[in-house]
Amino acid sequence: MKHERKGLNRALFWLYEGTGKWPFLFRWAMLAFDFVTIGYFLWAPFDQRDRTHIAVDYVIGSVILADLLARFYIARHRWNFVVRPINIADLVVVITMFAPLLISNFAFLRVLRAVRAIRAFTFIKRVKVITPFFQRHERIIDKVTNLAVFVFIMAAVVYSTQVGINDGIRTYIDALYFTVTSLTTTGYGDVLMVGPGGRLLSIIVMVLGLTLFLQLIRTIIEPRDKVEQECEECGLRLHERDAVHCKHCGEVIHIPTSGFE
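Residues numbered from 1 in each chain as written. Predicted model: local features only at pLDDT ≥ 70, side-chain atom pairs only at ≥ 80, totals over all residues. Heavy atoms only, no water.

**Q** Just checking my understanding: could you explain the overall build of the protein chain for this structure?
**A** On a plain count of helices and strands, the protein chain comes out with 12 helices and 2 strands. In sequence order, the secondary structure elements of the protein chain are arranged as α-α-α-α-α-α-α-α-α-α-α-α-β-β. Across the 261 residues in the protein chain, those meeting the buried criterion constitute 40%. In the protein chain, once contacts between residues fewer than 6 apart in sequence are set aside, the share between residues at least 24 apart is 56%. For the protein chain, the computed accessible surface area is about 14800 Å², with 66% contributed by carbon and sulfur atoms. (Helix = DSSP H or I, 4+ residues; strand = E, 2+ residues; numbered from the N terminus. Buried < 20%, exposed > 50% of the residue type's maximum accessible area, 1.4 Å probe, protein only. Contact = heavy atoms within 4.5 Å. Areas by Shrake-Rupley, 256 points an atom, 1.4 Å probe, with all protein chains shown as cover.)

**Q** For this particular structure, what's the right way to read the nonpolar core?
**A** Most often, soluble globular proteins keep nonpolar side chains buried together rather than apart. Residues Val158, Ile169, Phe178 and Met193 are the most contacted members of the largest nonpolar core, which totals 19 residues. Secondary structure elements with two or more residues in this core: helix H10 (138–162), helix H11 (172–183) and helix H12 (195–221). Broken down by element, this core gets its largest block of residues, 8 residues, from H10. Apart from the residues within four sequence positions on either side, Met193 is in contact with Val158, Gln162, Asn166, Ile169, Phe178, Gly198, Arg199 and Ser202. Within the second largest apolar cluster, 8 residues are counted, among which are Phe33, Tyr40, Phe41 and Ile64. (Core = buried A, V, L, I, M, F, W, Y, C linked by side-chain atoms within 4.5 Å.)

**Q** What am I meant to see in H11 here?
**A** Every α-helix carries 3.6 residues per turn, so stepping three or four residues along brings you back to the same face. Under the 1.5 Å per step criterion, the end-to-end length of H11 is 16 Å for 12 residues, consistent within 8% with the ideal 16 Å. Inspection of H11 places Tyr172, Ala175, Phe178, Thr179, Thr181, Ser182 and Leu183 among the buried residues, and these make up the whole buried set. (Expected span 1.5 Å × (residues − 1).)

**Q** What exactly am I supposed to notice about the side chain of Thr37 here?
**A** In this structure, Thr37 sits in helix H2 (residues 21–43). The exposure class of Thr37 is buried, given its relative accessible area of 2%. Reaching out from Thr37, the side chain makes a polar contact with the backbone oxygen of Asp34 at a distance of 2.7 Å. (Polar contact = N/O pair within 3.5 Å; in protein donor to acceptor, adjacent residues only side chain to side chain.)

**Q** Help me understand the packing of helix H1 (residues 7–17) against helix H3 (residues 51–74) in this model?
**A** Geometrically, a packed helix pair is captured by the angle between its two axes and the distance between the axes. Their axes nearest at 9 Å, the elements H1 and H3 cross at an angle of 110°. As judged from the angle between their axes, H1 and H3 are roughly perpendicular. Taken as a pair, H1 and H3 cross one another with a handedness that is left-handed. Residue-level contacts link Leu8, Asn9, Leu12, Phe13 and Tyr16 of H1 to Asp67, Ala70, Arg71, Tyr73 and Ile74 of H3. By residue class, the composition of the contact of H1 with H3 is 7 nonpolar, 1 polar and 2 charged. (Axes fitted to C-alpha atoms, helices over the stretch in contact; angles between N-to-C directions. Parallel < 35°, antiparallel > 145°, perpendicular 65-115°, else oblique. Left-handed = near helix turned anticlockwise from the far one by under 90°. Nonpolar A, V, L, I, M, F, W, Y, C, P; charged D, E, K, R; others polar.)

**Q** What exactly am I supposed to notice about the packing of aromatic side chains here?
**A** What characterises a pair of aromatic rings is the spacing of the ring centres plus the angle enclosed by the ring planes. Enumeration according to the criterion identifies 4 aromatic pairs in this entry. Between Phe24 and Trp28 the ring centres are 6.3 Å apart and the planes differ by 55°, which places this aromatic pair in the tilted class. Highlighted residues: Phe24 and Trp28, both in helix H2, separated by 4 residues, approximately one helical turn. Phe24 gets classed as partly exposed once you look at its relative accessible area, which sits at 37%. Just above the ring of Trp22 sits the side chain of Lys21; from NZ or CZ to the centre is 5.4 Å. (Phe/Tyr/Trp six-rings, centres within 6.5 Å; stacked < 30°, edge-to-face > 60°. Lys NZ or Arg CZ within 6 Å of the ring centre and 35° of its normal.)

**Q** Got a minute to help me understand the state of the cysteines in this structure?
**A** Two cysteines form a disulfide when their sulfur atoms are joined by a covalent bond. All chains considered together, the criterion is met by 0 disulfides. For the unlinked cysteine Cys231, the closest cysteine sulfur is that of Cys249, found at 3.6 Å. Residue Cys231 is classed as buried on the basis of its relative accessible area of 0%. This cysteine, Cys246, is not joined by any disulfide, and Cys234 carries the nearest cysteine sulfur, 3.6 Å off. Using a relative accessible area of 3% as the deciding quantity, one classes Cys246 as buried. (Disulfide = S-S within 2.5 Å.)

This is the structure:
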């Protein structure tokens, strides 16, 4: 029997996955919140913290926790939800935000907080439900998302491992600059990593970053004919653009279309 949503579950599902004015405003409000918190994570954790920063941590942590619980509550396949890396990252962020006095000074947590960037960029992929443009170019958006998140995270890793021991890395912008020049193989040579660990990190940035970049180029050159739309019955994500039923379970699926494809 098909699962029927009722009460609060139905209302939350409408906000997160439905159509209309309020879901539209809600999703973009959450996207704006994510970008604001990304900026905060990239700035505040690197400076000396006071009571104001701690209070902001609690507010941001509360919003992220409420969002995480709401998405878990409406998830059809909750175990899949729990084991997704993006949701695990959210949970780690919540823990670090609620315990700033105990753990905020550890450098590796600065990296974990930067993982919040995944939520913001991944949200952009979901906007394809609202506009046909995102639906038509969802695979390109997916690759751009992966590349952007990789740059954010690796820059945070470079900063947390090199600041204080590398004269070329004084701010997060320095770390971001090094990450981008390494990824593009420009390599101006004005910023170099220190020690064996730094050189290994440089290799990781170049190899993985170049791989993601090549995937993006391949996606642009060789677009695929399938669209991502999760089947509520079995969870299958990829379907033909003109599909009416899920190939796996036969359930009716509703793929948004502009009518011109």
